[in-house]
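As a plain string of letters, each chain reads:
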Amino acid sequence: PTMTVKELADSLGASAADVIRTLMQNGIMATINQQIDYDTAEIIASELGYETRLVVPQTDEEKLLAELEEEQKRVSKGVLQPRPPVITVMGHVDHGKTKLLDTIRKTNVVAGEAGGITQHIGAYQVEYQGRKITFLDTPGHEAFTAMRARGAQVTDIVVLVVAADDGVRPQTLEALAHARAANVPIVVAINKIDREGANPDRVKQQLSEQGLVPDDWGGDTPFIPVSALTGEGIQDLLSILLLVADMRELKADPTRLAEGTIIEAHLDPNQGPTATVLVQNGTLKPRDFVLVGSVTGRIRVMFDDKGQKLRKAEPSTPARIIGLEGVPEAGDKLLVVTDEKLAKQVALQRAKAAQAAALVSNRPASLEELFKNASDSKEKELNIILKADVQGSIGAIQHALSQIQEEGAKISIIYSGTGTISESDVKLAAASNAIIIGFNVRPDPAARKTAEAEKIDIRYYNVIYNLLDDVKAALAGLLEPES
Ligand code: GDP
């Protein structure tokens, strides 16, 4: 902080002449309107016989957090209770991550919730031995890392899937690196043991070489042979997950106002902004007023992953919420607040700050430019945000894209989701040097405007083949600008 000589004199109740004289005695020639820094002002003030203290004005955000803390003290009974573990599944493409998630989900339905229709909301819960386990159902380390990049740590345990007939592959090692960087315990699922040529020992050997030693070989990593196809070993895997969770003593206080992290969000054509939040502490209820990133709103209704209405969501529960006034971003922190007005103020300030940051950021603008810039660096990297009409297309496109491996090029799908391309998708693209690919979907007006302003490249396809062709061409550096 700085102030002028006159301001210092006024705030001390001293004359400007005294201040200037003292400055001169300290070797500083200053005029009355000159800016001096805090350290200088402090020296002058103390020489004039004053004590100084730097008072930084409290921001609205700090005010809100302080209020919240007070409110938490009031409502919380201070009880810590065990909470279900939150699991992310990672591994090389085609090693069975999706299949494993599907099989676990189908065979372990939470008691009393059977009958609902499976909804892909980004996470689901199953019950095993009377206890719940939460799975994030966007497999892979891209989503995991995108969240971490935003400061959100939601995963308690990583399940590293390795196909027994294929062994450790490049993405296995990448996933391992990401899990380690996040300091999350790892359980290895040796998958496809039903296959001819399955060789679980080779997987153990290969991962041991990476320092991931099986517990039955004297290490501390559980390796569980499973078949996502036949269901063999799945119950063992779940037992181990509960065991590892117990060792971590995962606890939360359900009596607090809820806190959580957004897993995914989009604009639903019928229901408006909708987001899946993973509650991490406290209990979330309908009618709660929430601050999520730069968005606020009152929760109108909540659903679980079977599409059933939820009356409350306790720690580690994923809930799809409706009632937000805008679409938040994956990784945004959700807070239940009591001071609506202040929360709105904070949301507005955050939105402005984000906008200002976006303006100064020096981003490559389009697919062509991304590659022009990348042409002299060794590794080409293409970040993609993928929006499609249905979950099925996303899976198919992700799968097809993962097959394209131009030499030295890397495709990262940093976010994928169903529904209209929203403003938050565009913001995410801007923040992460990504292009947006829309498959059978278009942007809403706000997204279109933001994309124009931020020069974000949005490409539309309704045939996967064409999409792949363009991406291949881009990777080869041949893509002609879209006019
Ligand atoms: P992902 O890319 O890791 O999500 O892999 P997928 O779950 O899409 O699986 C890739 C392929 O392997 C699919 O055809 C699955 O049906 C098949 N698969 C997955 N798990 C098993 C398994 O345990 N045994 C056999 N035989 N096939 C499996």
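For the structure, check the block above.
Rules of the game
Residues numbered from 1 in each chain as written. Predicted model: local features only at pLDDT ≥ 70, side-chain atom pairs only at ≥ 80, totals over all residues. Heavy atoms only, no water. Core = buried A, V, L, I, M, F, W, Y, C linked by side-chain atoms within 4.5 Å. Buried < 20%, exposed > 50% of the residue type's maximum accessible area, 1.4 Å probe, protein only. Helix = DSSP H or I, 4+ residues; strand = E, 2+ residues; numbered from the N terminus. Contact = heavy atoms within 4.5 Å. Near = heavy atom within 4 Å. Polar contact = N/O pair within 3.5 Å; in protein donor to acceptor, adjacent residues only side chain to side chain. Areas by Shrake-Rupley, 256 points an atom, 1.4 Å probe, with all protein chains shown as cover. Nonpolar A, V, L, I, M, F, W, Y, C, P; charged D, E, K, R; others polar. Salt bridge = Lys/Arg side-chain N within 4 Å of Asp/Glu carboxyl O. Pairing = 2+ DSSP bridges. Axes fitted to C-alpha atoms, helices over the stretch in contact; angles between N-to-C directions. Parallel < 35°, antiparallel > 145°, perpendicular 65-115°, else oblique.

Colleague: I'd like a rundown of the nonpolar core, residues and numbers included.
Modeller: Judged by nonpolar contacts, the single largest core of 31 residues is most densely connected at Leu 284, Val 290, Met 302, Ile 321 and Val 337. Residue assignment for this core shows that the elements contributing at least two residues are α4 (60–75), β11 (259–268), β12 (272–281), β13 (289–292), β14 (295–303), β15 (318–324), β16 (333–336) and α10 (340–360). With residues near it in sequence (within four places) discarded, Ile 321 still touches Pro 273, Thr 274, Ala 275, Val 277, Leu 284, Ile 299, Val 301, Met 302 and Leu 334. Formed by 27 residues, the second largest nonpolar core is a distinct cluster that contains Val 126, Ala 189, Val 226 and Val 244.

Colleague: Could you give me a rundown of the site of the ligand, with the residues and numbers involved?
Modeller: In the vicinity of the ligand lie 15 residues, with Asp 94, Lys 97, Thr 98, Lys 99 and Asp 194 positioned nearest. Gly 96 is positioned such that a nitrogen or oxygen atom in its backbone is 3.0 Å from an oxygen atom of the ligand. With respect to the ligand, the backbone of Ala 228 contributes an N or O atom lying 2.9 Å from an oxygen atom. Taking 580 Å² as the accessible area of the ligand by itself, protein coverage stands at 77%. Here the shell around the ligand gets 3 residues from one element, more than from any other, and that element is helix α5 (residues 97–107). Broken down by class, the residue content of the shell around the ligand amounts to 3 nonpolar, 6 polar and 6 charged.

Colleague: Mind laying out the pattern of salt bridges, listing which residues take part and the relevant values?
Modeller: Throughout the structure, instances matching the rule amount to 21 salt bridges. Because the salt bridges share partners, they merge into one network encompassing Arg 105, Asp 137, Asp 305 and Lys 306.

Colleague: Give a detailed account of the sheet that holds strand β7 (residues 157–163), specifying residues and quantitative values.
Modeller: The strand order β5-β6-β4-β7-β8-β9 describes an open sheet built from 6 strands, whose pairing is mixed. Only two strands of the sheet have a single neighbouring strand rather than two, namely β5 (123–128) and β9 (223–225). Strand-to-strand, the axes of this sheet are offset by a mean angle of 30°, without reference to chain direction. Strand direction decides the pairing type here: strand β4 (residues 86–91) and strand β6 (residues 131–136), joined by 3 bridges, are parallel. Paired with Ile 87 across the two strands is Phe 135, which belongs to β6.

Colleague: Run through the side chain of Gln 125, naming residues and quoting values.
Modeller: Relative to the assigned elements, Gln 125 resides in strand β5. Residue classification places Gln 125 among the buried positions, given a relative accessible area of 8%. Polar side-chain contacts of Gln 125 include one of 3.1 Å to the side chain of Thr 134. Of the polar contacts made by the side chain of Gln 125, one reaches the backbone oxygen of Ser 316; its length is 3.2 Å.

Colleague: For the packing of α5 against helix α9 (residues 234–248), give the residues involved together with the corresponding values.
Modeller: Two elements in contact, α5 and α9, have axes separated by 11 Å at closest approach and are oriented at 85°. By the criterion of interaxial angle, the relationship of α5 to α9 is roughly perpendicular. Contacts from Leu 100, Thr 103 and Ile 104 in α5 reach Ile 234, Leu 237 and Leu 238 in α9. Looking at the contact of α5 with α9, its residues break down into 5 nonpolar, 1 polar and no charged.

Colleague: Mind laying out the sheet that holds β15, listing which residues take part and the relevant values?
Modeller: The strand order β11-β12-β15-β14-β13-β16 describes a closed barrel built from 6 strands, whose pairing is antiparallel. Sheet twist, expressed as the average angle between the axes of neighbouring strands with direction ignored, equals 45°. Note that β14 and β15 share 4 bridges and pair antiparallel. From the neighbouring strand, Phe 303 faces β15, where its bridge partner is Arg 320.

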